[in-house]
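Examining the three-dimensional arrangement
Chain by chain, the residues run as shown.
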Amino acid sequence: QVQLVESGGGLVQAGGSLRLSCAASGSIFNIKAMGWYRQAPGKQRELVAAITSDDNTNYADSVKGRFIISRDNARSTVYLQMNSLKPEDTAVYYCGANIRPRYGVSWEDYWGQGTQVTVSS
C-alpha cells in the first residue's frame, strides 16, 4: 500500500518562512510528478507547485518568486520551501503524487492527509 505523509505546517507571521515535506512510502515501483496543492476555507483546491521526475517545475502565479519546490528521488520525498508568507497563503496544504505501485501496471494519483498552514498578519 502506498502512503504520502506530510509534515512541516504550522503558524507563522506574515513575512516568515515554512518548509513542508512529503514522503512517499510503501510498495512503490516509480514516481512521476509530485506536487503541492492547497485549499482555503470556502475555496476549491488549487495547484501551488509541481515537479517532474527530471526536476521540471511549475508554479501558481501567486507563489512565483516566493515558494520553491524540490524533490529527493532517493528518499521519495518532495519539499516546499515557502518564503515571504502572506495571510492569503493560509490553507490546508496537500501533497499529491503520480505513482506506479510495485504490484501493479497502472499509474495512480495518491494524496496526503493535509497539513495546516496559517499565516497571521
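Let us look at the structure shown here. Computed from a prediction, not measured in an experiment: that's the story for all the values here. (Residues numbered from 1 in each chain as written. Predicted model: local features only at pLDDT ≥ 70, side-chain atom pairs only at ≥ 80, totals over all residues. Heavy atoms only, no water.)

A few points about the pairing of strand β8 (residues 77–82)
- The buried fraction of β8 amounts to 5 of the 6 residues, a majority that puts the element mostly inside the structure.
- Sheet topology note: the strand β3 (residues 18–25)/β8 ladder contains 6 bridges and is antiparallel. In the strand pairing of β8, Leu20 is matched with Leu80.
- As paired strands, strand β7 (residues 67–72) and β8 are joined by 6 bridges and run antiparallel to one another. Bridged to Ile68 within β8 is Gln81.
- Hairpin connection between β7 and β8: a loop of 4 residues separates the two successive antiparallel strands, and Ser76 in this loop has a positive phi of roughly 50 degrees. (Buried < 20%, exposed > 50% of the residue type's maximum accessible area, 1.4 Å probe, protein only. Helix = DSSP H or I, 4+ residues; strand = E, 2+ residues; numbered from the N terminus. Pairing = 2+ DSSP bridges.)

Observations concerning unusual backbone geometry
- A positive phi angle is found at Ser76, which is not glycine, with a value near 50 degrees.
- Relative to the elements of secondary structure, Ser76 occurs in the loop between β7 and β8.
- Here the phi dihedral of Ser84 falls at roughly 50 degrees; this positive angle occurs in a residue that is not glycine.
- Along the chain, Ser84 turns up in the loop between β8 and β9 (91–101).

That's the geometry; what it means functionally is another story.
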